[in-house]
Amino acid sequence: MKSFVFRSERPFNPAKLEDFLGAIVQVYGPKMLRYKGVLNMRGTERKVIFQGVHQLMGSDVGGKWDGEKPSNRMVFIGVDLPRETILKGLENCLA
C-alpha cells in the first residue's frame, strides 16, 4: 500500500477532471483504497470537497477560500496505483 499527493495552484477544468477521474476509477477502482482532497474548480469561488473509496466517489461544495489562496490538494492511497499516470492526468485537467 502506498500514497501520493497532487498539488497545484491552477484551477481544474471541471469537465476534464470528471472525465479523467471517471476513467481512472473504472480501471483502477479496486486498487484505490481511499482518495480525497480540496479542489479549486474553475467557475466557482468555493472549495470543492472530493472523496472516494474504490469505485465510489463524490464531491460537495465547501466554504469560501476566505483568505486562503485557492489551490488543489488531493491524496491517493492504494495498491499498485500508477502514480505518474495519475499525476500527469490530473495535470492535464488543469484550466
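What comes next is a walk through the structure. Starting from 1, residues in each chain are numbered consecutively following that chain's sequence as written. The predicted nature of this model means local features are confined to residues of pLDDT at least 70 and side-chain atom pairs, given and counted, to a pLDDT of 80 or more, with totals for whole chains, interfaces and linings taken over all residues. Calculated side-chain values reflect all of the structure's heavy atoms, with hydrogen atoms and water omitted.

## Quick word on the sheet that holds strand β4 (residues 56–64)
- For two strands to pair, DSSP has to find at least two bridges joining them. Numbering of helices and strands runs from the N terminus; a helix is a DSSP stretch of H or I covering at least four residues, while a strand is a stretch of E covering at least two. Strand order in the open sheet made by the five strands is β1-β5-β2-β3-β4, with antiparallel pairing throughout. Looking at strand neighbours, the two that pair on one side only are β1 (2–8) and β4, the edges of this open sheet. Pairwise comparison of adjacent strand axes, ignoring direction, gives a mean angle of 10° for this sheet.
- Only heavy atoms matter for contacts: two residues are in contact if any of them lie within 4.5 Å across the pair. Axes here mean lines fitted to C-alpha atoms, for a helix over just the part in contact, with angles spanning 0 to 180 degrees between N-to-C directions. Across the sheet, helix α2 (residues 83–91) is in contact with β1 and β5 (72–78); its angle to β1 comes to roughly 20°.

## A word on the packing of helix α1 (residues 14–28) against α2
- Put simply, α1 and α2 touch, their axes get as near as 10 Å, and they point 160° apart. The orientation of α1 relative to α2 falls into the category roughly antiparallel. For the pair α1 and α2, the crossing hand works out as right-handed. Residues Leu-17, Phe-20, Leu-21 and Ile-24 of α1 form the contact with α2, whose participating residues are Thr-85, Ile-86, Gly-89 and Leu-90.
- Considered class by class, the residues forming the contact of α1 with α2 number six nonpolar, two polar and no charged. For classification purposes, an angle smaller than 35 degrees is called roughly parallel, one larger than 145 roughly antiparallel, one from 65 to 115 roughly perpendicular, and anything else oblique. Less than a right angle of anticlockwise turn of the near helix away from the far helix marks a crossing as left-handed, whereas a clockwise turn marks it as right-handed. Polar here means any residue other than Ala, Val, Leu, Ile, Met, Phe, Trp, Tyr, Cys and Pro, which are nonpolar, and Asp, Glu, Lys and Arg, which are charged; Gly is therefore polar.

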